[in-house]
Each structure stands twice: as structure tokens, then as C-alpha cells.
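Spelled out, the chains give:
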Amino acid sequence: MSPAVPVGEAPLGSLVAPEPDERPDLWPSTLRRGADGALVVGGRSLTEVLADAPTPVLVLDEDDLRGRAATWASAMFEEFWPDYGMAGGDAYYAGKAFLTTRVARDVLAEGMGIDTASRVELAVGLRALEQLSRGEATGDVADEQGLDPAHATRLGLHGNGKTEDEIAAALAHRVGHLVLDSADEVDLAASAVRSLRETGEYAPDETGSVMVRLTTGIHAGGHEYIATAHEDQKFGISVASGAALAVCRAVVDAPELALHGLHSHIGSQITDLAGFREAVGVVLRLRHEVAQATGWTCPEIDLGGGYGIAYTGSDPVPPSPQHVARTLADAVRAVCAELGDAVPHVSIEPGRNVVGPTTITLYTVTGLKRVDLGDGARRLYVSVDGGMSDNIRPALYDAAYTALVANRRPAPGTAPVRARVVGKHCESGDVVVRDVDLPADLAVGDVLAVPATGAYGRSMASNYNLFTRPGVAWVSGGEQGWLIRPETLEDILRLEGE
Ligand SMILES: *Cc1c(COP(=O)(O)O)cnc(C)c1O
């Protein structure tokens, strides 16, 4: 009799990771099993990938990234097409999910903007614009508009507690979406515009275009730490309390500023679109109130990101970008008709959904430990050469992942065992995959592939236990290079003081 699973857990065999052909949405689009049973991605066999990029390593399928970016951009473009009575639509990639200059160039080239959350993310976005506008792109640029770093209309900057310098930098580059998060930030923006007028960077009557981040009170998403729109939290300005209306009025009244739009981000890893429909109502009603109070109708609304993805075979296939865009367009059309308002330009900021599924993390199995749990139940602990320093999400959010043996197909008839894939850090919560069924013949030296690690993996990496942070390789058309080189001991020591 094969060992049982612990009481209360899913039946043995039900947690085997889906093969790429079973659940294509879970894996990079070019990933498949090669004739020898090992994975192939971006036209490169696993052996080729690992020869240039040893484990632990993240591997990003660049064709998939460009394809997903193009799909989001065109879905918003088409569903909000002005000839259909709409006022245009855009998708901004939320760079905090994972950003390098090459990633920024890729998504800009496919027609997305980039929403940034810090000074350095903004600088990376600007660097990508500079390279694209000098013709250093790796491919055709879908839309030349907004590629001028001095008129960076396709970049955004958001975040609570922005400093004067951050706001001034965003205004100096005329980013399309500068999202103010408080009444204080309105004052900082107005004063930055006065300085820019004084130095001549702005014309004497030029205004700074800003958006206002709303707290809509809508709670959506899988986990407390990533559900951002309920009232008791650090982001945004409350609609319900009247504070948002007051801040919008202050922006309209400020001679230095123009109220470009209203911004809402209701949470993350959302697969039920009802929350977004509700947010559309709250945002458009406030837009209506602002218009009644000031005479100014905001030309744009930004509905933020949060579109979920599948991480394991138990997760449903998420709504497609086309379905998301159509749902939002229907909601915007209906609410505007009800209010008698002109339809605004609508933008969204998907991050996870653009980059998450494009990337796998490859780990080598470095240790195996079988634990007897009584009543015949067993768990196989699988140690790998990475962990919480390259993926904090299981520890931070209880996030579920899965893992597939990447270097071979399991021998036919091999039984599964209930396994837990764990990292090598000094922390018992250092889990990579909490529950997964792996073949009983798993051995030290096997390579595991964890899917959907492109978002909030490397971007949240740390040096805990002085692990060097792993590299991120790109693969495409049989070629391979680094998006981020693996960190070295020298990189760590270089930052030490005396
Ligand atoms: C995090 C964030 C996003 C992206 O969220 P995803 O869940 O990755 O789509 C978009 N906009 C804002 C303001 C955010 O904070």
C-alpha cells in the first residue's frame, strides 16, 4: 500500500503539476517537453539553458512577454476605440512586478505604458524611452507616441508618501500618470510646477498634469496584504468621507495643476471581475460630483491592476485581457449613460498578469528527507538551492505554487508522493511549494521548474543569509541572455563599508 497523505489534505495524485500542454496558461507560451523528456523554452533545451545559467535561476520567455503586452495593449485599444463611442483605452505595465530596462523596452515596444512605484523604477522607464527614441529597440515599436523622455506620457508614478524630489522628477518629465496620494502631495506638486516655471523647464502658463488616487472602499483580492482599496489602509484618499472630492477640488483650484484623472487600484490577484465593475461606478460617480462642484470633467480614469493568474493546477484559468477590457468598457458605458456624462479615456495597470506566467524558476534538488507523520502518512521534504530569498511570496502571503520535474519525464508507473519543496534559509517558513505531488523516484540533482514566478519574485528578492540573488535569463528564438546577471560575492562585498 502506498503511503497515505496526512489527514485533511487533498488526495494523493491530485496535486501533480499540470504539464505545459495540459494547462498552457500556467506556463510560458513557448515551453514544452522535448523528445528526451526535458523541458524546452524559447527554443532552448534545459541543458542549453542551464549551461549558460546554472540554478537557481529565473527564465523569462521574451516572446511570451511581448505577446502578453501586445494582447493587453490591443485589448484596451480595441474595446475603447473612439469610433465605438468610447474615448480611447490604454494599458500601463505595473513595473513593480518585475522591471529591467529590456523588459521596459519590450512592453513599450508592444504598445503598453509603464506605471512605476519609485524613483529608480521611473529612471529605468526613462532609460528605456531614451534607448527606444534613439532607435536601439530590439524590435518594431507599435506606437511611437509618448517615447520622448521629456514628454513621457506613457510613464506613470504612484505610491504613498512620495517626496518632493520624486514628484518634481515626474513633473519635469511630464509623465502621463502622476498619481497623487494625499492633500500634501497636491501642495508638493503645485510648488514643483512653480519651480519648473521659474527655471524655464515649463512655459509660464504650463500646468502639471496629475491624477488623484481614490480609496473606493471596495475590497478584492486573495489576501489582506494585497487587498488595497478598503478604507482602513495607507493608500489613497477616501471617497466615502468626502476627502477625495475636497482634494480633487484643490487640484482644480490650483493654477499650477490640471486634474487629468481619477485613479483606483482595488487589490491584486483578482479573478472575479465584479469588484472592478463596482469600482467603475464609484470612480465615475466621483468624477460626476467633481464636475458638478467645479465644472471640470476629468478626461481619464485609471482602474489600476490586480488581474489574477493561475499558479497551480487547482487555480481556474483567469479571464482573458479581451474579456477584462470588454467588461470594463461595458461598465463604463453603462454608468456614463446613467449619469449623462461623456465617456472618459480608460487605462488599466496590469502587472502580475503581464509578466507572471512568462517566467519559471529552475532549482536543483539538493536534499531529500522523508518524514513519517503516523497512520502511514508521509511527507517528502525536498530541499532546493534557493527559497525565500528568491521567492518571498509563500512566506509573505501564504501563496501557493507548484513544481514539475524539468530534466526528465518520470518513469512510467512511478507513484506520486506528497511533497513540500523547501528553501535553504534559516527560517522554518522558508517554503517554495507547500503541497505538491512529485514522483517517488525524485533524486538529488533533479531539476524542478516552478511556474508563474515572473511577478513579485525577483523584484522582492533579498540577500537573507547572504544568499546572492539569482539571475533572470531571457530566452527567445533559440537565443539566451541576462535580464539581470546573478549576483556574486563581489557584488555583496562592494557595498560593505569599512
Ligand atoms: C501593484 C499595483 C498594480 C499592479 O498590480 P498587479 O496585481 O500586479 O496587476 C497596479 N497599480 C497600482 C497602483 C499598484 O499598486
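No experiment lies behind these values; they were computed from the predicted model shown. Throughout this document, residue positions are counted from 1 along each chain, in the order its sequence is written. Local features in this predicted model are restricted to residues of pLDDT 70 or higher, and side-chain atom pairs are both shown and tallied only at a pLDDT of 80 or more, whereas totals for entire chains, interfaces and linings draw on every residue. Side-chain numbers here rest on the full set of heavy atoms in the structure, without hydrogens or water.

A run of DSSP states H or I qualifies as a helix once it reaches four residues; a run of E qualifies as a strand once it reaches two. Both are numbered from the N-terminal end. For the protein chain, the helix and strand inventory stands at 12 helices and 21 strands. The size measure is the radius of gyration over C-alpha atoms, and the globule rule it meets is 2.2 Å times the number of residues to the 0.38 power. Its C-alpha atoms give the protein chain a radius of gyration of 24 Å, near enough to 23 Å, the size a compact globule of 498 residues would have. Each of the three principal axes of the protein chain carries a C-alpha extent, and together these read 75 × 50 × 50 Å. Sorting the 498 residues of the protein chain into buried and exposed places 56% on the buried side. Taking contacts inside the protein chain between residues at least 6 apart in sequence as the whole, the part at least 24 apart equals 71%. Each accessible area is a Shrake-Rupley result for a 1.4 Å probe, and residues are judged covered by the shown protein chains and nothing else. Element-wise, carbon and sulfur atoms account for 51% of the exposed surface of the protein chain, whose accessible area totals about 20,200 Å². Using a 1.4 Å probe on the protein chains alone, a residue whose accessible area is under 20% of its type maximum counts as buried, one over 50% counts as exposed, and one in between counts as partly exposed. By the convention used here, residues are in contact when the closest approach between their heavy atoms is within 4.5 Å.

Excluding glycine, residues mostly carry a negative phi; peptide bonds, for their part, are mostly trans. Look at the link from Thr55 to Pro56: it is a cis peptide, with omega at -5°. Look at Gln269: it is not a glycine, yet its phi comes out positive at around 55°. Relative to the assigned elements, Gln269 resides in the loop between strand 11 (257-264) and helix 8 (274-294). Positive phi, normally seen in glycine, also occurs at Leu466, with a value near 55°.

Here we come to the sheet that holds strand 2 (residues 39-41). The antiparallel open sheet is built from three strands, whose spatial order is 1-2-3. Strand pairing shows two members of the sheet lacking a second neighbour, strand 1 (32-33) and strand 3 (44-45), which therefore form its edges. Two strands form a pair only when DSSP identifies at least two bridges running between them.

This brings us to helix 4 (residues 119-133). For helix 4, built from 15 residues, the straight-helix expectation of 21 Å at 1.5 Å per residue is met to within 8% by its first-to-last C-alpha distance of 21 Å. Glu121, Leu122, Val124, Gly125, Leu126, Ala128, Leu129, Gln131 and Leu132 are the residues of helix 4 that are buried. A helix is expected to span 1.5 Å multiplied by its residue count minus one.

Attention now moves to the site of the ligand. Only a single heavy atom is needed: when it lies within 4 Å of a molecule or strand, its residue is near that molecule or strand. As a matter of local geometry, the ligand sits amid 16 residues, with Lys96, Ser268, Glu349, Arg352 and Tyr456 nearest to it. What qualifies as a polar contact is a pair of N or O atoms within 3.5 Å, subject to a donor-acceptor requirement within protein and to the restriction that residues adjacent in sequence count only when both atoms come from side chains. Taking Ser268, its side chain carries an N or O atom lying 2.3 Å from an oxygen atom of the ligand. Between the ligand and Gly351, the relevant distance is 2.9 Å, taken from an oxygen atom to a main-chain nitrogen or oxygen of the residue. Coverage of the ligand by the protein chains reaches 96% of its 390 Å² of free accessible surface.

Planes of paired rings set the category: under 30 degrees apart is stacked, over 60 is edge-to-face and the rest tilted, where pairs are Phe, Tyr or Trp rings (Trp by its six-membered ring) whose centres lie within 6.5 Å. Under the criterion given, the structure shown has four aromatic pairs. Here the aromatic rings of Trp72 and Tyr307 are separated by 5.3 Å at their centres, their planes lie at 40°, and the arrangement is tilted. Of this pair, Trp72 sits in helix 2 (residues 62-79) while Tyr307 sits in the loop between strand 12 (300-302) and helix 9 (321-339), and the two are 235 residues apart along the sequence. Accessibility assignment for this pair places Trp72 and Tyr307 in one class, buried. Here the aromatic residues Trp72, Phe276 and Tyr307 are joined through ring pairs into a cluster of three or more.

Moving on to the UniProt feature "modified residue: N6-(pyridoxal phosphate)lysine" (unreviewed entry) in the protein chain. UniProt positions are given in the numbering used here, feature names are shortened, and annotations may be inferred rather than shown by experiment. According to UniProt, the feature "modified residue: N6-(pyridoxal phosphate)lysine" (unreviewed entry) maps to Lys96 in the numbering used here. Within the element layout of this structure, Lys96 appears in the loop between strand 5 (89-94) and helix 3 (101-109). Residue Lys96 is classed as partly exposed on the basis of its relative accessible area of 33%. Apart from the residues within four sequence positions on either side, Lys96 is in contact with Asp115, Ala117, Glu121, Tyr456 and Ser459.

With that settled, the discussion passes to the side chain of His263. Counting through the fold element by element, His263 comes out in strand 11. We classify His263 as buried; its relative accessible area is 0%.

So, on to a nonpolar patch on the surface. Together, Phe77, Trp81 and Tyr84 line one region of the surface with nonpolar side chains, adding up to about 350 Å² of accessible area. Position of Trp81 relative to the elements: it lies in the loop between helix 2 and strand 5. A patch is a set of surface residues, each over 30% in relative accessible area and not in a salt bridge, joined within 9 Å for like charges and within 5 Å for the nonpolar side chains Val, Leu, Ile, Met, Phe, Trp and Tyr. Any Lys or Arg side-chain nitrogen found within 4 Å of a carboxyl oxygen on Asp or Glu counts as a salt bridge.

Let's shift gears to the side chain of Arg105. By the element assignment, Arg105 lies in helix 3. Arg105 sits in the buried class, given a relative accessible area of 12%. At 2.5 Å, the side chain of Arg105 and the side chain of Gln131 are in polar contact.

This part is about the pattern of salt bridges. Side chains that differ in sign of charge can pair as their charged atoms come close. In this structure the tally under the stated criterion is 21 salt bridges. Between Asp52 and Arg44 there is a salt bridge, with the nearest N and O atoms lying 3.0 Å from each other. The exposure class assigned to Asp52 is partly exposed, which follows from its relative accessible area of 48%. Here Arg418 ties to Asp437 by a salt bridge, and the two come within 2.6 Å at their closest N and O atoms. Here Asp437 lies in strand 18 (residues 431-439) and Arg418 lies in strand 17 (residues 416-422), a separation of 19 residues in the sequence.

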